[in-house]
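Breakdown of the fold
Each chain, written out:
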Amino acid sequence: QVQLVESGGGLVQPGGSLRLSCAASGPIFSISSMGWYRQALGRERELVAAITNVGSTNYADSVKGRFTISRDNAKNTVYLQMNSLKPEDTAVYYCHAVVHAAGSDFWGKGTLVTVSV
């Protein structure tokens, strides 16, 4: 199975930046796409950004122009650069990987991002 480990969360002031990392291990050759989801307290989990194995990306409207997803295939790592952070970005951020051929997906345990003064 694919294992995903997130890092990089923390407390940041409004307007600040953070970079999240997601390191993948296991049969990573099978991964079709990876992405970041987030879940704020009392709300449903939502897609933030995703990137396919050929580099195509898509973003939630709420983060377009502020967040950037990227991947380093040599390090088996996906990043989420978050700029101009807002209090409403506060959430647990989860890394997600999809294996289309197997009809499977995998989740990391999440990393907390708190945007507050």
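The structure under discussion appears in the preceding block.
Residues numbered from 1 in each chain as written. Predicted model: local features only at pLDDT ≥ 70, side-chain atom pairs only at ≥ 80, totals over all residues. Heavy atoms only, no water.

**Remarks on the nonpolar core**
Ranked by size, the top nonpolar core spans 29 residues in total, and within it L4, M34, W36, L80, M82 and Y93 carry the most contacts. Those elements that provide at least two residues to this core are β3 (18-25), β4 (33-39), β5 (46-52), β7 (67-72), β8 (77-82), β9 (91-99) and β11 (111-115). When residues of this core are assigned to their parent elements, the largest contribution, five residues, is made by β9. The contact partners of M34, leaving out residues within four places of it in the chain, are L4, C22, A24, A50, I51, I69, V78, C95, H96 and A97. (Core = buried A, V, L, I, M, F, W, Y, C linked by side-chain atoms within 4.5 Å. Buried < 20%, exposed > 50% of the residue type's maximum accessible area, 1.4 Å probe, protein only. Helix = DSSP H or I, 4+ residues; strand = E, 2+ residues; numbered from the N terminus. Contact = heavy atoms within 4.5 Å.)

**Concerning the state of the cysteines**
Counted under the stated rule, the structure contains one disulfide. Across a sulfur-sulfur distance of 2.0 Å, C22 and C95 are joined as a disulfide pair. Residues C22 and C95 are joined by a disulfide whose S-S torsion is about -85°; by sign, that bridge is left-handed. Residue C22 is found in strand β3, and its partner C95 is found in strand β9; the two are separated by 73 residues along the sequence. Taken individually, C22 and C95 each receive the classification buried, so the pair is uniform in this respect. (Disulfide = S-S within 2.5 Å.)

**Focus: the environment of Q1**
Tracing the chain through its elements places Q1 in the segment before β1 (3-7). Judged by its relative accessible area of 69%, Q1 falls in the exposed class. C-alpha of Q1 to C-alpha of I28: the two residues are 27 residues apart in sequence and 8.8 Å apart in space. For Q1, the contacting residues outside a window of four places in its chain are S25, G26, P27 and F106.

On their own, these measurements won't tell you what the molecule is for.
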